[in-house]
Amino acid sequence: TAIPRRREVPALPQGVTAEAFQAAMADLRTLLGAEHVEVIDQALRDGWYMEHPNTHDMMTILDDEEFVASAVVYPGSTEDVQTVVRWANKHLVPIFPISMGRNLGYGGAAPRVRGSVVVDLGRRMRQILDISAEDFTCLVEPGVSFYALHDEIQARGLGDQLWVDVPDLGGGSVIGNTVDRGVGYTPYGDHWATHSGLEVVLPTGEVVRTGMGALPGNNTWQAFPYGFGPYSDGIFSQSNFGIVTKMGMTLMPNPGGHESFLYTFQREDDLAQLIEIIRPLRIRNILENVAQLRHVTQSVAVRGQPRSDYYEPVDGLVPDDIIHAEAAKTPTGDHTWAYYGTTYGPPEARAVKLAAVDAAFRQIPGCRKIDTSTFPADEYFWSRDKIASGTPDLHELRWCQWVPNGSHIAFSPVSPIRGKDAAALNELARKRHEEHGIDYFPAFCVGLREMHLIVEIVFDRTSAPKKAAALACLRDMVDDAAALGYGEYRTHLALMDQVAGTYSWNDNALMKMHEQLKDTLDPNGILAPGRCGIWPKRYRGRGWEM
Ligand code: FAD
């Protein structure tokens, strides 16, 4: 879809005149080559997940013109990135790095400050620099997607040895997903925890390598994440302190077999007991992967048919009885919660774990183990099976078709793996969805000692009232959750100030430290101002927060 522009084109960064912008662009073309610089002076185009725009958020929750780039630049090397950063300091133009820009649900490719120049690293920096079948590690550039890494491992004949952990959609960048602390669904699902070593261009143009990468001639960069001295990697995730140009990642050894399984639970109230049962199994590694516990509305929506096929009114929630009747027609059958898990290892090892899980889950009346052996090949269960065994997939996109022009934004609080926390979060989110007339799509992703609740709000991006309702619902849930002691693990650009504001212990001490770091590392405030609520001095207190 082409979106007509309604504000100045290109979208100039605040405080930069049209003349100054054109002069800066001419300079950038000279430095990088005109073919690697693109001024965005045309209608914005949304595309779709695999052909996504790098100029704006194709799933925007705000006005179309809010988070829009003025230009996009395509560096081809770390040196090019340094050049871009130094150029930005010279002209005081804000820049916003993306690896591939498929951060859908959290802002896509859009910059936080309108008119920023998007630094699209993924277009030209797409080398897989190393895959080690001895150490089970790899070293990648920002343009390497989960698909590309997986395919390269297969092409090198290493597929029976090395697994990549993939998120629900495989088209994203391994670096982009990891620096935003994204998750996948094998035992290596916590991507940040499994990375090892970064190369980073700082906002003033210097390059650093973290961990063992700082030791010239080392051979341990991808094997030992810490090196010597302070562990600095953390400040380059969910921040605006540097541009990551290389990252090491550990790879999972093929465990010698896997088996996915599906259990369903009938009642909404089974949630608390089920989570209590899951916790010890997960912490003891009997439940081995970041499994998903999904709600029936999502089970129906992921079939890919719009809600209008089930329920005519465009407003209000689809009634529960309709959802349950539709679920009953599917191979999974009627349920309220569906647990998708996977066990790993040779058959005899799997059998022991599966028996323990079965005995534990069956304590819940109405629990059913679903026979998936007869499921058709395109049943969602097989997508979960692929993802839990390191094969990228795109099936998850289908629930975006629930409404016309389907877009989504996520509420993503974390909590301990406790029944009372699951019930409290589920109750507050359901209540707000009902108030705002939005169908409720929760999924609990259970990590080792915590769980992420991911609630996807699906909305029509062309409808102002639907966008307003989605945003209001999200803002209410963030505040409600914070009042109970729950915080988001990650959020959309539009919510970053609000979420950062909930981490306010001791008079916002943590944000004060982030601001000090920002002002030291980025004195001109050119790198991704406002990302994750961190505003440089030049912007602070001038009405940018939202
Ligand atoms: P990018 O968009 O390139 O990067 C994300 C952000 O990180 C950027 O906006 C930027 O601010 C920062 N950044 C990126 N690269 C750099 C860099 N080199 N240096 C400094 N900062 C940088 N996500 C999950 O984690 N797990 C899921 O299971 C999941 N499921 C999804 C399902 C659906 C249906 C959809 C639509 C989305 C889902 N997502 C999920 C969200 C998202 O698609 C992925 O996280 C995706 O990998 C992020 O896009 P990307 O990898 O292209 O990162």
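Refer to the structure printed above.
Residues numbered from 1 in each chain as written. Predicted model: local features only at pLDDT ≥ 70, side-chain atom pairs only at ≥ 80, totals over all residues. Heavy atoms only, no water.

Undergrad: Lay out the sheet that holds strand 4 (residues 71–73) with the relevant residues and their values.
TA: Judged by pairing direction, the sheet is mixed, and its 4 strands sit side by side in the order 2-4-6-5 without closing on themselves. If you trace the sheet from one side to the other, it starts and ends with strand 2 (37–39) and strand 5 (95–98), each paired once. Neighbour-to-neighbour, the strand axes of this sheet turn through a mean angle of 20 degrees, independent of strand direction. As defined by bridge partners, strand 2 adjoins strand 4 across 3 bridges and the pair is classed as antiparallel. For Val 39, the partnering residue across the bridge sits in strand 4 and is Ala 71. Lying over the sheet, helix 1 (residues 18–32) contacts strand 2, strand 4 and strand 6 (117–120), oriented at roughly 160 degrees with respect to strand 2. Strands strand 4, strand 5 and strand 6 of the sheet are contacted by helix 2 (residues 78–91), whose axis makes an angle of about 160 degrees with strand 5. (Pairing = 2+ DSSP bridges. Helix = DSSP H or I, 4+ residues; strand = E, 2+ residues; numbered from the N terminus. Axes fitted to C-alpha atoms, helices over the stretch in contact; angles between N-to-C directions. Contact = heavy atoms within 4.5 Å.)

Undergrad: With reference to specific residues and values, describe the sheet that holds strand 12 (residues 243–250).
TA: Strand order across the open sheet formed by 5 strands is 7-8-12-10-11, with antiparallel pairing between neighbours. In the strand order of this sheet, the two ends are held by strand 7 (128–132) and strand 11 (207–209), each with one partner. Pairs of neighbouring strands in the sheet enclose a mean axial angle of 10 degrees, with direction left out of account. Here strand 10 (residues 195–201) runs beside strand 12; their pairing, made up of 5 bridges, is antiparallel. Bridging from a neighbouring strand, Val 201 pairs with Ile 243 of strand 12. With respect to the sheet, helix 3 (residues 146–155) is in contact with strand 7 and strand 8 (137–140), its orientation differing from that of strand 7 by roughly 50 degrees.

Undergrad: Let's hear about the site of the ligand: which residues, and what values?
TA: In the vicinity of the ligand there are 30 residues, among which Ser 99, Arg 102, Ser 173, Tyr 185 and Arg 490 approach most closely. With respect to the ligand, the backbone of Gly 101 contributes an N or O atom lying 3.0 Å from an oxygen atom. With respect to the ligand, the side chain of Tyr 185 contributes an N or O atom lying 2.7 Å from an oxygen atom. If the ligand stood free it would expose 960 Å²; the protein chains cover 96% of that surface. Only strand 5, helix 4 (174–179) and strand 12 provide two or more residues apiece to the shell around the ligand. At 4 residues, the largest contribution of residues to the shell around the ligand is made by helix 4. Looking at the shell around the ligand, its residues break down into 15 nonpolar, 10 polar and 5 charged. (Near = heavy atom within 4 Å. Polar contact = N/O pair within 3.5 Å; in protein donor to acceptor, adjacent residues only side chain to side chain. Areas by Shrake-Rupley, 256 points an atom, 1.4 Å probe, with all protein chains shown as cover. Nonpolar A, V, L, I, M, F, W, Y, C, P; charged D, E, K, R; others polar.)

Undergrad: Talk me through the nonpolar core; I want residue IDs and the actual numbers.
TA: By size, the foremost hydrophobic cluster in this structure holds 94 residues, and its most contacted members are Ile 95, Tyr 339 and Phe 361. Among the elements that take part in this core, helix 12 (residues 464–483) stands out by supplying 8 residues, more than any other. Excluding residues within four positions of it along the chain, Phe 361 makes contact with Tyr 263, Phe 265, Leu 274, Ile 277, Ile 278, Leu 281, Leu 287, Tyr 339 and Cys 367. Counting 37 residues, the second-largest nonpolar core is a separate cluster that includes Val 144, Tyr 185, Val 244 and Met 511. (Core = buried A, V, L, I, M, F, W, Y, C linked by side-chain atoms within 4.5 Å. Buried < 20%, exposed > 50% of the residue type's maximum accessible area, 1.4 Å probe, protein only.)

Undergrad: Tell me about the packing of aromatic side chains, and please be specific about residues and values.
TA: Applying the stated rule across the entire model yields 19 aromatic pairs. Here the aromatic rings of Tyr 226 and Tyr 231 are separated by 5.0 Å at their centres, their planes lie at 75 degrees, and the arrangement is edge-to-face. When the centroid spacing of 5.6 Å and the interplanar angle of 75 degrees are considered together, the rings of Phe 265 and Phe 361 count as edge-to-face. Taken together, the residues Phe 265 in strand 14 (residues 258–265) and Phe 361 in helix 9 (residues 347–361) connect sequence positions 96 residues apart. Judged by its relative accessible area of 0%, Phe 361 is buried. Across the ring face of Tyr 49, the terminal group of Arg 102 is positioned such that the distance to the ring centre comes to 5.3 Å. (Phe/Tyr/Trp six-rings, centres within 6.5 Å; stacked < 30°, edge-to-face > 60°. Lys NZ or Arg CZ within 6 Å of the ring centre and 35° of its normal.)

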